[in-house]
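Here is what each chain is made of, one letter per residue.
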Amino acid sequence: MSNTVISQFNERYEQLNTETRAAAEKVGNALRGAAKRVEQSGTEFFDTLVKSGEKRQKALTKATKSTAKKAADKTSTLDELRGKLAEALGLPTQSDVEALNKKLNSLTRKVNKLAKDAK
C-alpha cells in the first residue's frame, strides 16, 4: 500500500474517532440532562404525593370527628328513649335504684346494730 492510501486511511480514522468522541460526549450530556430531569420530576411528584396525603389525612380526621359526634348524639338519643320507655313502663330509673341501694345500706347497718345490741 502506498503512503497516500495509508495517510488517507489514518485521516479517515482520526475523523471517525473525533466524530465518535463528540457523539459520545453528546450522549453523555443527554444522559446527565435526562437524569437531572428525572430527579426534578421525581422530587415534584413526591411533593405532590405528600400534599395529596396530607389533604387525605385532614379529610379523614374531619370525617372521624364528624362520625364520633354523630355516634355520641345517637347514644344520647338512645339513652333518652330508654329513659322514656322505662318511665312509660313504670320501671325504676338508675337514680331510683341508687336511692334504693342507699336506703338498703342504711337499713342493713341499723339491723346489724340492733343485732349487736340484742346480744
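Everything that follows concerns the structure shown earlier in this document.
A. Looking closely at the overall build of the protein chain. In terms of helices and strands, the protein chain carries two helices and zero strands. Since a compact globule built from 119 residues should have a radius of gyration of about 14 Å, the 46 Å found for the protein chain marks it as more spread out than a globular shape. Dimensions along the principal axes, computed over C-alpha positions, put the protein chain at roughly 145 × 40 × 20 Å. In the protein chain, buried positions account for 2% of the 119 residues. Looking at the protein chain as shown, the accessible area adds up to about 11300 Å², and 60% of this sits on carbon and sulfur atoms. When the 24 positive and 15 negative side-chain charges of the protein chain are each reduced to one mean point, those points stand 12 Å apart.

B. Up close: a nonpolar patch on the surface. On the surface, L85, L89 and L91 cluster together into a nonpolar patch covering about 310 Å² of accessible area. When you line up the elements, L89 lands in helix α1 (residues 3-89).

C. Inspection of the environment of A35 at higher detail. The topology assignment puts A35 in helix α1. Considered as a pair, A35 and K65 are 30 residues apart in the sequence and their alpha carbons are 45 Å apart.

D. Structural detail: α1. The terminal C-alpha atoms of α1, which comprises 87 residues, lie 124 Å apart, in line with the 129 Å expected from a rise of 1.5 Å per residue. Once α1 finishes, G90 follows within two positions and takes phi at roughly 80°, a positive value.

E. Representation of the environment of N29. Looking at where N29 falls in the secondary structure, it is placed in helix α1. What makes N29 partly exposed here is its relative accessible area of 42%. Separated by 2.6 Å, the side chains of N29 and R32 make a polar contact.

F. Inspection of the environment of S41 at higher detail. In this fold, S41 is placed in helix α1. Note: C-alpha distance between S41 and L78 (37 residues apart in sequence) is 54 Å.

Rules behind the numbers
- Residues numbered from 1 in each chain as written.
- Predicted model: local features only at pLDDT ≥ 70, side-chain atom pairs only at ≥ 80, totals over all residues.
- Heavy atoms only, no water.
- Helix = DSSP H or I, 4+ residues; strand = E, 2+ residues; numbered from the N terminus.
- Rg over C-alpha atoms; globule rule 2.2 N^0.38 Å.
- Buried < 20%, exposed > 50% of the residue type's maximum accessible area, 1.4 Å probe, protein only.
- Areas by Shrake-Rupley, 256 points an atom, 1.4 Å probe, with all protein chains shown as cover.
- Lys, Arg positive; Asp, Glu negative; His and termini not counted.
- Charge placed at Lys NZ, Arg CZ, Asp CG, Glu CD.
- Patch = residues over 30% accessible without salt bridge, like charges linked within 9 Å, V, L, I, M, F, W, Y side chains within 5 Å.
- Salt bridge = Lys/Arg side-chain N within 4 Å of Asp/Glu carboxyl O.
- Expected span 1.5 Å × (residues − 1).
- Polar contact = N/O pair within 3.5 Å; in protein donor to acceptor, adjacent residues only side chain to side chain.

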